[in-house]
Amino acid sequence: MSMDKRSIFLVDDDATNLIVGRNALAEQYNVLTFNSGARLLKALDTNIPDLILLDVAMPEMNGYEVIKAIKEKNETKNIPVIFLTAKNDGESELKGLSLGAIDYITKPFSAPLLCKRIEVHLELIRFNNSLKEMVEAKTKSVIKLQNAILKTMIELVEKRDYATGGHIERTTHYLGILLDAMIERNLHVEEVSSWDKDLVLYSAQLHDIGKIAIKDSILQKPDKLTAEEFEEIKKHTVVGEQVIEGLKKNSEEQAFLVHAGIFAATHHEKWNGSGYPRGLKGEEIPLQGRLLAIADVYDALTSSRSYKKAFTHEQAVNIIAEGRGTHFDPVLLDLFLEVSDKFVKGAKDDSGI
């Protein structure tokens, strides 16, 4: 068998048809013949051909049943199938094409015509595969560029607000723990089932992007903020939302930016309506914001600042627990308490507690 030739599996219950078909194709292709659909399917467990020529009218298992079995398995569903059959009515042809066949050739066939049609189909498949590879490579390149821009934006924020170094990485880690726990317990399953978890976690990294508009004298102040300064820093939620809205106008990647805008705008809202910037209450606060609120506060408590020492994990958990139904969504707060031990490593990595 030549390794340079493409392989074709020919399936027909008539021995004469197998001989004729193999003789017609043998010069250009490696041809394996099978006298039943069952033998073909068994062979497909270990060998994947470039194309299958399949008869329709066979005993025990007809061609339509065989192609259904081929298309049901991930390993074989992309093998191109051409029906090669004596049936020449429109209804049979339509049925074959509807089941996933790429062509329908009636017997008796012209050997040169059969070879040419196979050649055309294989060339189209090769072209489509090459195009797919090009698109995938381009997509990877764009994603790599997007991630590089995202990382640069995050680093820009953290370098200006050096007191919270590592905050974004840690809060994203904590958010991932909460998301996993919520999925495991089927909480908010209708909403979360539509989320791409990785996309959501990436987007959460932009939640503090609005701090690029806050003065250095406030962001880098070594002491506790005054009431006026706190009012200024609260604006980072609205600014962040505006920055992301601007990005949305110039991007086709909407899902990522929609999540990012929600995180930026709502992670400081509180369950009882006393948060900012809009004083949203209860489930008026999007689920993303309610989740990130817990991760954000935990990180703030367990991180050291020039004006305070880091709280221990146990202290932080107790403080957050006191905010049940006031600062935090009660259901999500209970979820946090169930999995809070998983937060410890992230806290230790920063503060050494």
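One structure accompanies this document, and this report is about it. Source: prediction; values computed, not measured.

1. Some remarks on the nonpolar core
Thinking step 1. Core analysis: the biggest nonpolar cluster contains 31 residues, and Leu179, Met182, Leu291, Tyr298, Phe336 and Phe343 have the highest contact counts within it.
Thinking step 2. Of all elements in the fold, only α6 (167-184), α8 (197-204), α13 (287-302), α14 (313-321) and α15 (330-339) reach the threshold of two or more residues within this core.
Thinking step 3. With eight residues, α13 is the single largest residue contributor to this core.
Thinking step 4. Setting aside chain neighbours within four positions, we find Leu179 in contact with Trp195, Lys197, Val200, Leu201 and Leu291.
Thinking step 5. Listed in part, the 19 residues of the second largest apolar core include Ala43, Val66, Ile79 and Val81.

2. Considerations on α13
Residues three or four positions apart in an α-helix share a direction because the helix packs 3.6 residues into each turn.
Thinking step 1. An ideal rise of 1.5 Å per residue puts 22 Å on 16 residues; α13 measures up with 23 Å between its terminal C-alpha atoms.
Thinking step 2. Taking burial as the measure, the 16 residues of α13 include 14 buried ones, the bulk of the element.

3. Thoughts on the side chain of His236
Thinking step 1. Tracing the chain through its elements places His236 in helix α11 (residues 236-249).
Thinking step 2. Taking relative accessible area as the criterion, His236 reaches 2% and is therefore assigned buried.
Thinking step 3. Of note is the side chain of His236, whose polar atom sits 2.5 Å from the backbone oxygen of Ile233.
Thinking step 4. When residues no more than four places from it in sequence are discounted, the contact partners of His236 are His207, Asp208, Gly210, Lys211, Ile214, His267, His268 and Tyr276.

4. Structural notes on the packing of aromatic side chains
Thinking step 1. Following the criterion strictly, the structure yields nine aromatic pairs and no others.
Thinking step 2. Relative to Tyr298, the ring of Tyr174 lies with its centre 5.0 Å away and its plane at 85 degrees, an arrangement referred to as edge-to-face. Residue Tyr174 is located in helix α6, and its partner Tyr298 is located in helix α13; the two are separated by 124 residues in the primary sequence.
Thinking step 3. For Tyr298, a relative accessible area of 0% puts it in the buried group.

5. Some points on the pairing of strand β5 (residues 103-106)
Thinking step 1. Sheet topology places strand β4 (residues 81-85) next to β5; four bridges connect them, and they run parallel. Bridging across to β5, Phe83 finds its partner in Tyr104.
Thinking step 2. Handedness of the crossover joining β4 and β5 through helix α4 (residues 90-98): right-handed.

6. Re the pattern of salt bridges
Where charged atoms from two side chains of opposite charge approach closely, those side chains can pair.
Thinking step 1. In the structure shown here, the tally under the stated rule is 18 salt bridges.
Thinking step 2. Linking Asp12 and Lys107 is a salt bridge whose minimum nitrogen-to-oxygen distance equals 2.8 Å. One end of the pair, Asp12, is in the loop between β1 (6-11) and α1 (15-25); the other, Lys107, is in the loop between β5 and α5 (111-160), with 95 residues separating them in the sequence. Pair check on accessibility: Asp12 and Lys107 agree, each one buried.
Thinking step 3. Glu338 serves as the salt-bridge partner of Arg185, at 2.9 Å between the closest nitrogen and oxygen. Here Arg185, found in the loop between α6 and α7 (189-192), pairs with Glu338, found in helix α15; they are 153 residues apart in sequence, far enough to count as distant.
Thinking step 4. Taking the relative accessible area as the measure of exposure, Arg185 reaches 34% and is therefore partly exposed.
Thinking step 5. Several salt bridges share partner residues, and in doing so they unite Asp12, Asp55 and Lys107 into one network.

Calculation notes
Residues numbered from 1 in each chain as written. Predicted model: local features only at pLDDT ≥ 70, side-chain atom pairs only at ≥ 80, totals over all residues. Heavy atoms only, no water. Core = buried A, V, L, I, M, F, W, Y, C linked by side-chain atoms within 4.5 Å. Buried < 20%, exposed > 50% of the residue type's maximum accessible area, 1.4 Å probe, protein only. Helix = DSSP H or I, 4+ residues; strand = E, 2+ residues; numbered from the N terminus. Contact = heavy atoms within 4.5 Å. Expected span 1.5 Å × (residues − 1). Polar contact = N/O pair within 3.5 Å; in protein donor to acceptor, adjacent residues only side chain to side chain. Phe/Tyr/Trp six-rings, centres within 6.5 Å; stacked < 30°, edge-to-face > 60°. Pairing = 2+ DSSP bridges. Right-handed = clockwise from strand over helix to strand, strands pointing away. Salt bridge = Lys/Arg side-chain N within 4 Å of Asp/Glu carboxyl O.

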